[in-house]
Amino acid sequence: MLRVLQVVDGAGASIVVAWDGEGAARAVKGVSSTYDLAMQAIAAGQTLAERIDAAGLGDSIDLEKAAAEGRLALPIAHPDPAHFVVAGTGLTHLGSADGRDKMHKAAQAAEKPTDSMRMFLMGVEGGKPKPGEVGVQPEWFYKGNGSQLRATGSDLVSPAFALDGGEEPELAAIYLIGPDGTPFRVGFCLANEFSDHVTEKGNYLWLAHSKLRQAALGAELIVGDLPQHVEGTSRVRRGDKVIFEKPFLSGEANMSHTIANLEHHNFKYDVFRQPGDLHVHFFGTATLSFSDDIKTEAGDVFEISAAPFKLPLVNRLAVAAAEPVTIKKL
């Protein structure tokens, strides 16, 4: 299973790395970024694997050493972060409605299904359409642009005004829009779709506010198809103690929507098909430490791991200093 990574060398330059997950990781010749590699593949009418074969492989890269030295970068980045759209879908996984439903039930009568539960059930009934048909659209949210993304080993910084900084262990896919507006899926990666669950709990219409936070992507970009069943573990460490540990499931066997249906409803909007733009799309989760009444604190460490990914996604929670914003009149 081909994986593409980006590693920073001792001089601060980016190295594109190809790895099968077992043998030696090798530098890809002739490119300085995964973005350039993907653009070259599109221009040549090749897959990423074919483009890497054509470019050739160079020196071996010690990924364990790179991780220890904090040199594992985001698996892909855009030269202009404003052209990297960060978004996702929720209530897409079987069981994912439970935690959300608990948060929102207080705002509605007990005998009336919450909007979250109704959205979830719509996905269960119509999220996996037959070939040639369009399924029900999912919940969708926006998280910002590429400036919000953090690599493994970096801090996830919660704004000073946030009421919570909680992990969301899940998978994400990266897309590059070709010159003719065609979205190309570059690959899949581990992700932490970091959110403010206390704000969301206050009123479900604050979901949009709660999602405008940083997010982390794992170092490996798995090229090709995602396994039907993906099982991982989400942990929160506080000092030497693990204060939360639970499995999480993903892959279409554990989802109420097909990935193709989620992709269709994201890229049906032409504003998301601008040539040269990158997109990361978070596919959702059903496992949150917040649902187990964990209140995270600055210094806590989130650890997300899942096969077939070989490298974990590890980030420490930090809280930003208050930053007053003054609006000036022109």
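What counts as what
- Residues numbered from 1 in each chain as written.
- Predicted model: local features only at pLDDT ≥ 70, side-chain atom pairs only at ≥ 80, totals over all residues.
- Heavy atoms only, no water.
- Helix = DSSP H or I, 4+ residues; strand = E, 2+ residues; numbered from the N terminus.
- Buried < 20%, exposed > 50% of the residue type's maximum accessible area, 1.4 Å probe, protein only.
- Polar contact = N/O pair within 3.5 Å; in protein donor to acceptor, adjacent residues only side chain to side chain.
- Contact = heavy atoms within 4.5 Å.
- 1 Å grid on protein atoms, 1.4 Å probe; cavity = no way out; pocket = protein on both sides within 12 Å on 5 of 7 lines; lining within 4 Å.
- Points joined across faces, edges and corners; volume = space filled by probe spheres on them.
- Nonpolar A, V, L, I, M, F, W, Y, C, P; charged D, E, K, R; others polar.
- Arc of directions from axis to C-beta.
- Salt bridge = Lys/Arg side-chain N within 4 Å of Asp/Glu carboxyl O.

Caption draft 1: Seen up close, the side chain of Asn261. Mapped onto the elements of the fold, Asn261 is located in helix α8 (residues 259-267). Residue Asn261 is classed as buried on the basis of its relative accessible area, which comes to 3%. Reaching out from Asn261, the side chain makes a polar contact with the backbone nitrogen of Gly135 at a distance of 3.1 Å. The contacts of Asn261, once residues within four sequence positions are left out, are Gly127, Pro129, Val134, Gly135 and Val136.

Caption draft 2: Spotlight on empty space enclosed by the protein. Inspection of the entire model under this criterion finds 1 cavity of 30 Å³ or more. Considering only enclosed or pocket space, the largest cavity measures out at about 50 Å³ in volume. The wall of the largest cavity is formed by Val85, Val86, Ala87, Trp140, Tyr175, Asn266, Phe267, Phe272, His279, Val280 and His281. Contributions of two or more residues to the lining of the largest cavity are made by β5 (84-90), α8 and β15 (278-282). Residues belonging to the lining of the largest cavity are distributed by class as follows: 8 nonpolar, 3 polar and no charged.

Caption draft 3: Local environment of helix α1 (residues 34-44). Looking only at α1, the buried set comprises Thr34, Tyr35, Leu37, Ala38, Ala41 and Ile42. Looking straight down α1, one finds its buried side chains confined to an arc of 165°; they lie on one side.

Caption draft 4: Region of interest: the side chain of Ser289. Inspection of the secondary structure assignment puts Ser289 in the loop between β15 and β16 (301-307). Ser289 sits in the buried class, given a relative accessible area of 2%. Other than its neighbours up to four places away in sequence, Ser289 contacts Glu167, Val236, Phe244, Ile294 and Thr296.

Caption draft 5: Expanded view of the pattern of salt bridges. Taken as a whole and judged by the stated rule, the model has 14 salt bridges. Between Arg316 and Asp155 there is a salt bridge; the shortest N-O distance is 2.7 Å. Residue Arg316 is found in strand β17 (residues 313-319), and its partner Asp155 is found in strand β8 (residues 155-158); the two are separated by 161 residues along the sequence. For Arg316, a relative accessible area of 38% translates into the label partly exposed. In this structure, Glu297 and Arg238 form a salt bridge, with 3.7 Å as the shortest nitrogen-oxygen distance.

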